[in-house]
Amino acid sequence: HIMSYKLPELPYSYDALAPYIDATTMEIHHTKHHQGYVNKLNAALEEAKLEDSDLEGLFGKISKLSSGIRNSGGGHFNHSLFWTILTPGGSELPEGELAKSVESTFGSLEDLKTTFANAAATRFGSGWAWLIVDADGELKVTSTPNQDNPLMDTAPDQGTPILGLDVWEHAYYLNYQNKRPEYIDAFWNIVDWKAVEKRYLAAKS
Ligand code: MN3
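Residues numbered from 1 in each chain as written. Predicted model: local features only at pLDDT ≥ 70, side-chain atom pairs only at ≥ 80, totals over all residues. Heavy atoms only, no water.

Taken together, His29 (NE2), His79 (NE2), Asp166 (OD) and His170 (NE2) make up the protein donors of the manganese ion, found 2.0 to 2.1 Å from the metal. Sequence spacing among the residues donating to the manganese ion works out to H-x49-H-x86-D-x3-H. Taken as a pair, His29 in helix H1 (residues 23-48) and His170 in the loop between strand E3 (160-166) and helix H6 (173-176) lie far apart in primary sequence, 141 residues in all. For His29, a relative accessible area of 2% gives the class buried. (Donors = N, O, S within 2.8 Å, 3.2 Å for Na, K, Ca; no water. Helix = DSSP H or I, 4+ residues; strand = E, 2+ residues; numbered from the N terminus. Buried < 20%, exposed > 50% of the residue type's maximum accessible area, 1.4 Å probe, protein only.)

Structure below.
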(Lines give C-alpha, C1' and ligand atoms only; values in the text may rest on other atoms or scores of the structure.)
Protein backbone atom coordinates (compact mmCIF):
# COMPACT_ATOMS: atom_id res chain seq x y z
CA HIS A 1 0.00 0.00 0.00
CA ILE A 2 1.43 3.34 -1.03
CA MET A 3 0.57 6.32 1.09
CA SER A 4 -1.15 9.15 -0.72
CA TYR A 5 -0.25 12.63 0.48
CA LYS A 6 -2.80 15.43 0.74
CA LEU A 7 -2.55 19.21 0.71
CA PRO A 8 -2.75 20.40 4.34
CA GLU A 9 -5.17 23.18 5.26
CA LEU A 10 -3.58 26.48 6.17
CA PRO A 11 -3.98 27.33 9.87
CA TYR A 12 -5.11 30.90 8.88
CA SER A 13 -6.87 32.61 5.97
CA TYR A 14 -5.11 33.64 2.77
CA ASP A 15 -5.22 37.34 3.71
CA ALA A 16 -4.09 36.79 7.33
CA LEU A 17 -0.39 37.45 6.70
CA ALA A 18 -0.91 40.72 4.80
CA PRO A 19 0.65 43.14 4.25
CA TYR A 20 3.82 41.06 4.67
CA ILE A 21 2.61 38.31 2.33
CA ASP A 22 -0.41 39.27 0.22
CA ALA A 23 -3.55 37.14 -0.14
CA THR A 24 -3.14 36.43 -3.86
CA THR A 25 0.40 35.15 -3.38
CA MET A 26 -0.74 32.95 -0.49
CA GLU A 27 -3.66 31.49 -2.42
CA ILE A 28 -1.64 30.70 -5.56
CA HIS A 29 1.26 29.41 -3.48
CA HIS A 30 -0.97 27.03 -1.53
CA THR A 31 -3.55 25.89 -4.10
CA LYS A 32 -1.31 25.78 -7.19
CA HIS A 33 2.34 25.38 -6.18
CA HIS A 34 1.98 23.27 -3.04
CA GLN A 35 -0.90 21.26 -4.55
CA GLY A 36 1.29 20.63 -7.60
CA TYR A 37 4.06 19.16 -5.42
CA VAL A 38 1.55 16.91 -3.66
CA ASN A 39 0.16 15.61 -6.97
CA LYS A 40 3.61 15.00 -8.47
CA LEU A 41 4.85 13.37 -5.25
CA ASN A 42 1.95 10.89 -5.25
CA ALA A 43 2.64 10.07 -8.91
CA ALA A 44 6.39 9.63 -8.26
CA LEU A 45 5.77 7.36 -5.25
CA GLU A 46 3.31 5.29 -7.27
CA GLU A 47 5.87 4.90 -10.01
CA ALA A 48 8.69 3.94 -7.63
CA LYS A 49 6.51 1.40 -5.78
CA LEU A 50 8.27 2.05 -2.46
CA GLU A 51 7.00 0.11 0.55
CA ASP A 52 7.66 2.92 2.97
CA SER A 53 6.82 6.41 1.75
CA ASP A 54 7.57 8.27 5.00
CA LEU A 55 9.22 11.44 3.72
CA GLU A 56 11.83 11.89 6.43
CA GLY A 57 12.97 8.32 5.84
CA LEU A 58 13.15 8.89 2.09
CA PHE A 59 15.13 12.12 2.50
CA GLY A 60 17.84 10.16 4.34
CA LYS A 61 18.49 8.15 1.14
CA ILE A 62 17.32 10.71 -1.41
CA SER A 63 20.58 10.41 -3.40
CA LYS A 64 19.39 6.92 -4.43
CA LEU A 65 15.83 7.95 -5.35
CA SER A 66 14.26 9.64 -8.38
CA SER A 67 14.44 13.38 -9.00
CA GLY A 68 10.62 13.35 -8.91
CA ILE A 69 10.61 12.15 -5.30
CA ARG A 70 13.39 14.56 -4.39
CA ASN A 71 11.78 17.64 -5.94
CA SER A 72 8.14 16.93 -5.10
CA GLY A 73 8.78 15.29 -1.71
CA GLY A 74 10.95 18.25 -0.75
CA GLY A 75 8.32 20.63 -2.13
CA HIS A 76 5.55 19.07 -0.06
CA PHE A 77 7.59 18.80 3.13
CA ASN A 78 9.12 22.28 2.88
CA HIS A 79 5.83 24.09 2.25
CA SER A 80 4.07 22.12 5.00
CA LEU A 81 6.75 23.32 7.43
CA PHE A 82 6.68 26.88 6.07
CA TRP A 83 2.93 27.41 6.63
CA THR A 84 3.21 26.32 10.26
CA ILE A 85 6.09 28.57 11.30
CA LEU A 86 4.10 31.62 10.19
CA THR A 87 1.29 33.27 12.12
CA PRO A 88 -0.62 36.54 11.71
CA GLY A 89 1.24 39.23 13.64
CA GLY A 90 4.10 36.87 14.51
CA SER A 91 5.00 35.80 18.04
CA GLU A 92 7.90 36.70 20.35
CA LEU A 93 10.70 34.21 20.94
CA PRO A 94 9.72 32.71 24.33
CA GLU A 95 12.33 32.77 27.12
CA GLY A 96 13.60 29.25 27.35
CA GLU A 97 15.86 26.64 25.79
CA LEU A 98 15.72 28.00 22.23
CA ALA A 99 16.34 31.58 23.36
CA LYS A 100 19.37 30.42 25.37
CA SER A 101 20.73 28.46 22.43
CA VAL A 102 20.20 31.38 20.01
CA GLU A 103 22.12 33.62 22.39
CA SER A 104 25.03 31.21 22.90
CA THR A 105 25.27 30.32 19.18
CA PHE A 106 24.66 33.66 17.44
CA GLY A 107 25.03 36.26 20.23
CA SER A 108 21.45 37.51 19.99
CA LEU A 109 18.20 37.03 18.08
CA GLU A 110 19.13 40.04 15.94
CA ASP A 111 22.42 38.37 15.01
CA LEU A 112 20.58 35.17 14.08
CA LYS A 113 18.23 37.21 11.87
CA THR A 114 21.18 38.88 10.13
CA THR A 115 22.87 35.54 9.44
CA PHE A 116 19.63 33.96 8.25
CA ALA A 117 18.72 36.95 6.04
CA ASN A 118 22.16 36.77 4.45
CA ALA A 119 21.72 33.05 3.67
CA ALA A 120 18.28 33.78 2.17
CA ALA A 121 19.45 36.76 0.12
CA THR A 122 22.53 35.02 -1.28
CA ARG A 123 20.85 31.70 -2.20
CA PHE A 124 21.33 31.89 -5.99
CA GLY A 125 18.17 31.18 -7.99
CA SER A 126 15.41 29.25 -6.25
CA GLY A 127 15.68 27.63 -2.85
CA TRP A 128 15.25 27.90 0.88
CA ALA A 129 17.04 29.37 3.91
CA TRP A 130 16.96 27.28 7.08
CA LEU A 131 17.65 27.27 10.79
CA ILE A 132 18.50 23.68 11.71
CA VAL A 133 19.44 21.58 14.72
CA ASP A 134 22.44 19.50 13.66
CA ALA A 135 23.48 16.02 14.81
CA ASP A 136 25.31 17.54 17.82
CA GLY A 137 22.17 19.42 18.87
CA GLU A 138 23.67 22.75 17.76
CA LEU A 139 21.80 25.49 15.89
CA LYS A 140 23.06 26.33 12.43
CA VAL A 141 21.91 28.55 9.53
CA THR A 142 22.12 27.10 6.04
CA SER A 143 20.40 27.17 2.65
CA THR A 144 19.51 24.66 -0.04
CA PRO A 145 18.73 24.92 -3.77
CA ASN A 146 15.41 24.05 -5.45
CA GLN A 147 13.19 21.98 -3.09
CA ASP A 148 16.08 20.30 -1.29
CA ASN A 149 16.20 20.47 2.50
CA PRO A 150 18.67 19.69 5.30
CA LEU A 151 17.12 16.26 5.99
CA MET A 152 18.39 15.06 2.60
CA ASP A 153 21.59 13.02 2.45
CA THR A 154 22.71 15.34 -0.38
CA ALA A 155 22.63 18.49 1.79
CA PRO A 156 26.03 19.94 2.71
CA ASP A 157 24.70 20.97 6.15
CA GLN A 158 22.42 18.24 7.51
CA GLY A 159 20.04 18.49 10.43
CA THR A 160 16.43 19.00 11.45
CA PRO A 161 14.92 22.19 10.04
CA ILE A 162 13.01 24.25 12.64
CA LEU A 163 12.57 27.47 10.60
CA GLY A 164 12.51 27.84 6.83
CA LEU A 165 11.99 30.62 4.31
CA ASP A 166 10.92 30.00 0.74
CA VAL A 167 12.94 32.29 -1.53
CA TRP A 168 11.54 31.06 -4.84
CA GLU A 169 10.21 34.02 -6.82
CA HIS A 170 6.70 32.52 -6.67
CA ALA A 171 6.77 33.19 -2.91
CA TYR A 172 7.19 36.97 -3.23
CA TYR A 173 7.25 38.28 -6.80
CA LEU A 174 3.69 39.68 -7.01
CA ASN A 175 4.28 41.98 -4.07
CA TYR A 176 8.04 42.51 -4.01
CA GLN A 177 9.12 41.85 -7.63
CA ASN A 178 12.93 41.58 -7.66
CA LYS A 179 13.35 42.97 -4.11
CA ARG A 180 13.99 39.71 -2.27
CA PRO A 181 15.66 41.51 0.71
CA GLU A 182 12.40 43.43 1.40
CA TYR A 183 10.47 40.16 1.48
CA ILE A 184 13.06 38.68 3.87
CA ASP A 185 12.74 41.74 6.16
CA ALA A 186 8.94 41.43 6.11
CA PHE A 187 9.12 37.73 7.00
CA TRP A 188 10.26 38.49 10.58
CA ASN A 189 6.90 40.19 11.29
CA ILE A 190 5.02 36.91 10.81
CA VAL A 191 7.40 34.28 12.22
CA ASP A 192 5.78 32.16 14.93
CA TRP A 193 8.70 31.73 17.31
CA LYS A 194 6.56 29.61 19.62
CA ALA A 195 6.15 27.10 16.79
CA VAL A 196 9.88 27.27 16.07
CA GLU A 197 10.62 26.58 19.74
CA LYS A 198 8.30 23.55 19.69
CA ARG A 199 10.20 22.18 16.72
CA TYR A 200 13.49 22.91 18.49
CA LEU A 201 12.45 20.99 21.62
CA ALA A 202 11.20 18.07 19.51
CA ALA A 203 14.46 17.97 17.52
CA LYS A 204 16.50 17.93 20.75
CA SER A 205 14.48 15.20 22.46
MN1 MN3 B 1 7.06 27.82 -2.68
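Moving on, we come to the sheet that holds strand E2 (residues 139-145). Pairing is antiparallel in the open sheet, where three strands are placed in the order E2-E1-E3. Of all strands in the sheet, those with a lone pairing partner are E2 and E3, marking the two edges. Geometrically, the sheet is characterised by an average inter-axis angle of 25° between neighbouring strands, direction not taken into account. Sheet analysis places strand E1 (residues 127-133) next to E2, joined by seven bridges and oriented antiparallel. If you follow Leu131 over to E2, its bridge partner there is Val141. Of the strands in this sheet, E1, E2 and E3 are in contact with helix H4 (residues 97-106), which crosses E2 at around 80°. (Pairing = 2+ DSSP bridges. Axes fitted to C-alpha atoms, helices over the stretch in contact; angles between N-to-C directions. Contact = heavy atoms within 4.5 Å.)

Turning our eyes to something else, we now look at the pattern of salt bridges. Summed over the entire model, instances satisfying the criterion amount to four salt bridges. A salt bridge links Lys113 to Glu110, with the nearest nitrogen and oxygen atoms 3.6 Å apart. Taken together, the residues span about one helical turn, with Lys113 and Glu110 both in helix H5 (residues 109-122) at a distance of three residues. (Salt bridge = Lys/Arg side-chain N within 4 Å of Asp/Glu carboxyl O.)

Within E3, six of the seven residues are buried, which leaves it mostly tucked inside the rest of the structure. Alignment of E1 against E3, held across six bridges, turns out to be antiparallel. Residue Val133 lies in a different strand from E3, and its bridge partner there is Thr160.

Function-wise, these values are silent; they only describe arrangement.
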